[in-house]
Amino acid sequence: MILLQMTLTNPDIWPSLIHSRFFGMLIGSLIGVISAFIQFKLFDFYSQTLINERTYDSNKF
């Protein structure tokens, strides 16, 4: 909505706003993908650690 209002008041600013908006979306997307990848790797490491450290008591079965 702000992009539309800015272009109505000053049509010369349109390319600059689109450029800034595109790079903002690109940087935000990269941060999201990197953080999701790190969380996936940490969860995988944590789950494998739990599986490897699990001890089974033969008397319970």
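Counting restarts for each chain: residues are numbered from 1 in the order of the written sequence. Where totals are concerned, whole chains, interfaces and linings use all residues; where local detail is concerned, this predicted model gives features only for residues with pLDDT of at least 70, and gives and counts side-chain atom pairs only at 80 or more. Side-chain numbers come from the whole structure's heavy atoms, not from hydrogens or water.

Colleague: Would you explain the overall build of the protein chain in this entry?
Modeller: If you tally the helices and strands in the protein chain, you get two helices and zero strands. In the protein chain, which comprises 61 residues, the proportion classed as buried is 3%. Of the roughly 5,900 Å² of accessible surface on the protein chain, a fraction of 69% belongs to carbon and sulfur atoms. Where helices and strands are cited, they refer to DSSP runs of H or I of at least four residues and of E of at least two residues respectively, numbered from the N terminus. Only protein chains enter the accessibility calculation, which uses a 1.4 Å probe; a residue whose area is less than 20% of its type maximum is buried, one above 50% is exposed, and one in between is partly exposed. Note on areas: Shrake-Rupley with a 1.4 Å probe; residue coverage comes only from the protein chains shown.

Colleague: Is there a simple way to think about the packing of aromatic side chains in this case?
Modeller: To describe a pair of aromatic rings, one takes the distance between the centres and the angle between the planes. Each aromatic pair joins two rings of Phe, Tyr and Trp (for Trp, the six-membered one) with centres within 6.5 Å, and gets the label stacked for planes under 30 degrees apart, edge-to-face for over 60, and tilted for any other angle. The tally for this structure, following the rule as stated, stands at one aromatic pair. Taken together, a centroid distance of 5.6 Å and an interplanar angle of 65° make the contact between Phe22 and Phe23 edge-to-face. For Phe23, a relative accessible area of 36% corresponds to the partly exposed category.

Colleague: Help me understand a nonpolar patch on the surface, please; the structure alone is not making it clear to me.
Modeller: Within this analysis, patches are made of residues with over 30% relative accessible area and no salt bridge. Like charges are joined at 9 Å or less; nonpolar side chains (Val, Leu, Ile, Met, Phe, Trp, Tyr) at 5 Å or less. Think of a salt bridge as a Lys or Arg side-chain nitrogen and an Asp or Glu carboxyl oxygen that are within 4 Å of each other. Among the surface-exposed residues, Phe22, Phe23, Leu26, Ile27, Leu30, Ile31, Ile34, Phe37, Ile38 and Leu42 lie close enough to one another that they form a single nonpolar patch of about 990 Å² accessible area. Position of Ile34 among the secondary structure elements: in helix α2 (residues 14–53).

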